[in-house]
Amino acid sequence: MTEKDLEQTAEDQTSCCSSDTVCAGHQEDGVRKSHHSAETKQKLVHRLNRIEGQVRGVKSMIERDVYCDQVLHQIASIQSALNSVGKLLLDGHIRSCVVERLQAGEEEVITELLTTMNKLMK
């Protein structure tokens, strides 16, 4: 993720709630929801669509008996792209959801965040 991506993500992650209220976008029927801007959602979906195409390409390469090393390079590229999506989501999550919950006194969000980060770092 480039510095420009991080700056843009920070700009995209403005909260739609005031500090003392939680809108329906954050919690609905007791279930937490994300609250990404339309631009952020569009960027994430675009990246995921490209990744989906790469996965289909790898499947095709395997079906066509393409040399293993070439397939492995494509798999590495897919993993890198997925990591990039994860970094964008994590950045937005920390800047919005985690901060808001900490400000509301919900310190259990730290344990949740650490669990998530451990899963991403496997």
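Quick caveat, the model's predicted, so the values are computed rather than measured. (Residues numbered from 1 in each chain as written. Predicted model: local features only at pLDDT ≥ 70, side-chain atom pairs only at ≥ 80, totals over all residues. Heavy atoms only, no water.)

> Quick question: what am I supposed to make of the overall build of the protein chain here?
Along its length, the protein chain carries four helices and two strands. N-terminal to C-terminal, the α/β element order of the protein chain is α-β-β-α-α-α. Out of the 122 residues belonging to the protein chain, those deemed buried represent 23%. Of the accessible surface of the protein chain, which amounts to about 8,800 Å², a share of 54% is contributed by carbon and sulfur atoms. (Helix = DSSP H or I, 4+ residues; strand = E, 2+ residues; numbered from the N terminus. Buried < 20%, exposed > 50% of the residue type's maximum accessible area, 1.4 Å probe, protein only. Areas by Shrake-Rupley, 256 points an atom, 1.4 Å probe, with all protein chains shown as cover.)

> Which parts of the structure should I look at to understand the pattern of salt bridges?
One side chain can pair with another of opposite charge once the charged atoms of both are near each other. One pass over the structure, following the stated rule, counts seven salt bridges. As a salt-bridge pair, Glu52 and Arg56 come within 3.7 Å of each other at their nearest N and O atoms. Of this pair, Glu52 and Arg56 both sit in helix H2 (residues 38-63), four residues apart, roughly one helical turn. Looking at Glu52, the relative accessible area reads 44%, which means it is partly exposed. In this structure, Arg101 engages Glu108 in a salt bridge whose closest nitrogen and oxygen atoms are separated by 3.9 Å. On the basis of relative accessibility, which here comes to 47%, the residue Glu108 falls in the partly exposed class. A cluster of three or more residues bridged by salt bridges with shared partners is formed by Arg32, Arg101, Glu106, Glu108 and Glu112. (Salt bridge = Lys/Arg side-chain N within 4 Å of Asp/Glu carboxyl O.)

> Before we go on, may I ask you to explain the packing of helix H3 (residues 68-103) against helix H4 (residues 108-120) in this structure?
What describes two packed helices is the angle between their axes and the distance between those same axes. The N-to-C vectors of H3 and H4 enclose an angle of 165°; their axes lie 10 Å apart at closest approach. One element, H3, and the other, H4, form an angle in the roughly antiparallel class. Classified by chirality, the crossing of H4 by H3 is right-handed. Judged by residue contacts, Leu90, His93, Ile94, Val98, Arg101 and Leu102 of H3 engage Glu108, Val109, Ile110, Glu112, Leu113, Met117 and Leu120 from H4. Within the contact of H3 with H4, the residues separate by chemical class into nine nonpolar, one polar and three charged. (Axes fitted to C-alpha atoms, helices over the stretch in contact; angles between N-to-C directions. Parallel < 35°, antiparallel > 145°, perpendicular 65-115°, else oblique. Left-handed = near helix turned anticlockwise from the far one by under 90°. Contact = heavy atoms within 4.5 Å. Nonpolar A, V, L, I, M, F, W, Y, C, P; charged D, E, K, R; others polar.)

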